[in-house]
Amino acid sequence: ARALTPQTAETDAIRFLVGTQSLRYDNQIHIIDFDDENNIINKNVLLHQVGEIWHISTSPADKGVLATCYNKTSDTKVMTCAAVWRMPKELESGSHESPDDSSSNTQTLELLCHLDNTAHGNMACVMWEPMGDGKKIISLADNNILLWDLQESSAKAVLSSSTALEGKGQLKFTSGRWSPHHNCTQIATANDTTVRGWDTRSMRQIYCIENAHGQLVRDLDFNPNKQYYLASCGDDCKVKFWDTRNVTEPVKTLEEHSHWVWNVRYNHSHDQLILTGSSDSRVILSNMVSISSEPFGHMVDDDELSDQEDQHQEEKIKEPLQDSVIATYEEHEDSVYAVEWSSADPWLFASLSYDGRLVINRVPRALKYHILL
């Protein structure tokens, strides 16, 4: 398995979706519900009969809707396609009831629409507009950025605009993220060693970080609270933090992994907490206080000062924490291809390794209280 996502529209129950990559069997989407009080994981399985799942993402507005990128073989050629699906009604919201007999009631996903990529190449990922009504999605296909409008209950996807990477060499997007800032008009993409920012209204490039990493850039994530801050990670084993207004140098670099870093995720509520997963089989939780939105009064944006002056005076009394690795999790025996925070509980996260092992962990209690108090 490589594909993991929290169910973004579900903010009450702790729920993750995992997509499988099996060559021999029908592939599946596993709906993982975590019962926090009793420490129990419940699982429901949905059939995904069209091929191995490379990427999965959920609608921010509709609990039942998700998108997958999957492999399809036709005439000896393998294409990566994308589609939007709906899960059965009774599985939409996180329930703590486990099915009585899971083997007999495996259900199938309902296909809402395909994101037709015959002209554009292989799909790398699908991103939903973060604050949207679940009608706008962007997919990255080879060197194309495609903006889709989902119409009439998502039964049809209309391509509303697109742009392509021009230049020499192998131009292929590896991943992308939609920024929650600037009225959701910006996305960032990774191709080869380069990170680019795009304006979704004009489909023009707005910044470019060349050689962001020494090798392939694998993943990106935006700081949810600081609008110009972006994290990237890649095959040079590094995680880098950028201020997109000045892209000549990263603001910070983390060098804790010993192999490719596949995933980087900011915590949605406390942006000093950074999660990374790597093919060194480890998950690392870091505390990047110095570049967070709450660095205890050091590095405060000037425009924030006026109305919060008093508050910061109080905060300065606190000891500033140093940037540090909080914990290294070594429960996986295989490459960790995905890490994600829960949408419902800011202190809980899941990691997924290629052998299909999903691990759910919590931020250490001592740190949680340090941040809260």
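What counts and how
- Residues numbered from 1 in each chain as written.
- Predicted model: local features only at pLDDT ≥ 70, side-chain atom pairs only at ≥ 80, totals over all residues.
- Heavy atoms only, no water.
- UniProt positions renumbered as here; feature names shortened; annotations may be inferred.
- Helix = DSSP H or I, 4+ residues; strand = E, 2+ residues; numbered from the N terminus.
- Buried < 20%, exposed > 50% of the residue type's maximum accessible area, 1.4 Å probe, protein only.
- Contact = heavy atoms within 4.5 Å.
- Pairing = 2+ DSSP bridges.
- Axes fitted to C-alpha atoms, helices over the stretch in contact; angles between N-to-C directions.
- Salt bridge = Lys/Arg side-chain N within 4 Å of Asp/Glu carboxyl O.
- Phe/Tyr/Trp six-rings, centres within 6.5 Å; stacked < 30°, edge-to-face > 60°.
- Lys NZ or Arg CZ within 6 Å of the ring centre and 35° of its normal.
- Core = buried A, V, L, I, M, F, W, Y, C linked by side-chain atoms within 4.5 Å.

- The protein chain is annotated in an unreviewed UniProt entry as EIPR1 protein from Melospiza melodia.
- Listed under Sequence similarities (unreviewed entry) in UniProt, the entry text for the protein chain is "Belongs to the WD repeat EIPR1 family."

What about the overall build of the protein chain?
1) Next: The secondary structure content of the protein chain amounts to two helices and 28 strands.
2) Next: Each of the 373 residues in the protein chain was classed as buried or not, and the buried ones make up 54%.
3) Next: In the protein chain, 50% of the contacts between residues at least 6 apart in sequence involve partners at least 24 apart.

Considerations on the sheet that holds strand E16 (residues 194-199)
1) Next: Read across the open sheet, the four strands follow the order E14-E15-E16-E17; overall the sheet is antiparallel. Each having just a single partner strand, strand E14 (173-178) and strand E17 (204-209) make up the two edges of the open sheet. Along the sheet, successive strands turn relative to each other by an average axial angle of 25°, direction set aside.
2) Next: Of the pairings in the sheet, the one linking E16 to E17 comprises five bridges and is antiparallel in character. Looking at the pairing, Asp-199 lines up with Arg-204 of E17.

Structural notes on the UniProt feature "repeat: WD" (unreviewed entry) in the protein chain
1) Next: According to UniProt, the feature "repeat: WD" (unreviewed entry) maps to residues 210-246 in the numbering used here.
2) Next: Overall, residues 210-246 shows 0% helix and 46% strand. The separation of its end C-alpha atoms is 12 Å.

Thoughts on the pattern of salt bridges
1) Next: Inspection of the entire model under this criterion finds 15 salt bridges.
2) Next: Residues Arg-86 and Asp-62 are paired through a salt bridge, measuring 2.7 Å at the closest nitrogen-oxygen approach. Of this pair, Arg-86 sits in strand E7 (residues 77-86) while Asp-62 sits in the loop between strand E5 (53-58) and strand E6 (65-74), and the two are 24 residues apart along the sequence.
3) Next: For Asp-62, a relative accessible area of 24% corresponds to the partly exposed category.

A look at the packing of aromatic side chains
1) Next: One pass over the full model with this rule turns up six aromatic pairs.
2) Next: Measuring from centroid to centroid gives 6.2 Å for Phe-241 and Tyr-266, while their planes differ by 70°, and the two rings are edge-to-face. With a gap of 25 residues between them, Phe-241 in strand E20 (residues 239-243) and Tyr-266 in strand E22 (residues 261-266) connect regions that are remote in the sequence.
3) Next: Exposure remark for Tyr-266: the relative accessible area of 2% places this residue in the buried category.
4) Next: Between the aromatic rings of Tyr-329 and Phe-349, the centroid separation amounts to 5.3 Å while the plane-to-plane angle is 70°, which identifies the pairing as edge-to-face. Linking Tyr-329 in strand E25 (residues 324-329) with Phe-349 in strand E27 (residues 348-353), this pair joins segments that are 20 residues apart in sequence. Of the two residues, Tyr-329 and Phe-349, both sit in the buried class.
5) Next: Taken together, the aromatic side chains of Trp-260, Trp-262, Tyr-337 and Tyr-354 make up a single cluster linked through ring pairs.
6) Next: Above the plane of the ring of Tyr-337 lies Arg-2, whose end atom (NZ or CZ) is 4.2 Å from the centre.
7) Next: Residue placement shows Lys-226 over the ring face of Tyr-229; its charged tip is 4.2 Å from the ring centre.

Concerning the nonpolar core
1) Next: Counting residues in hydrophobic clusters, the biggest one holds 17 residues, and the most contacted among them are Val-84, Leu-115, Met-123 and Ile-137.
2) Next: Sequence-distant contacts of Met-123, defined by excluding residues within four places in its chain, comprise Cys-69, Thr-80, Cys-81, Ala-82, Leu-115, Asn-117, Ser-139, Leu-140, Ala-141, Leu-146 and Trp-148.
3) Next: Of all hydrophobic cores here, the second largest spans 16 residues; its members include Leu-46, Ala-83, Met-87 and Leu-91.

Digging into the sheet that holds strand E19 (residues 229-234)
1) Next: Ordered by their spatial adjacency, four strands build an open sheet running E18-E19-E20-E21, and the pairing between neighbours is antiparallel. Taken across any chain shown, the strands that pair with only one partner, and hence form the sheet edges, are strand E18 (217-222) and strand E21 (252-254). Between one strand axis and the next, the sheet turns by 20° as a mean value, whatever way the strands run.
2) Next: Sheet analysis places E18 next to E19, joined by five bridges and oriented antiparallel.

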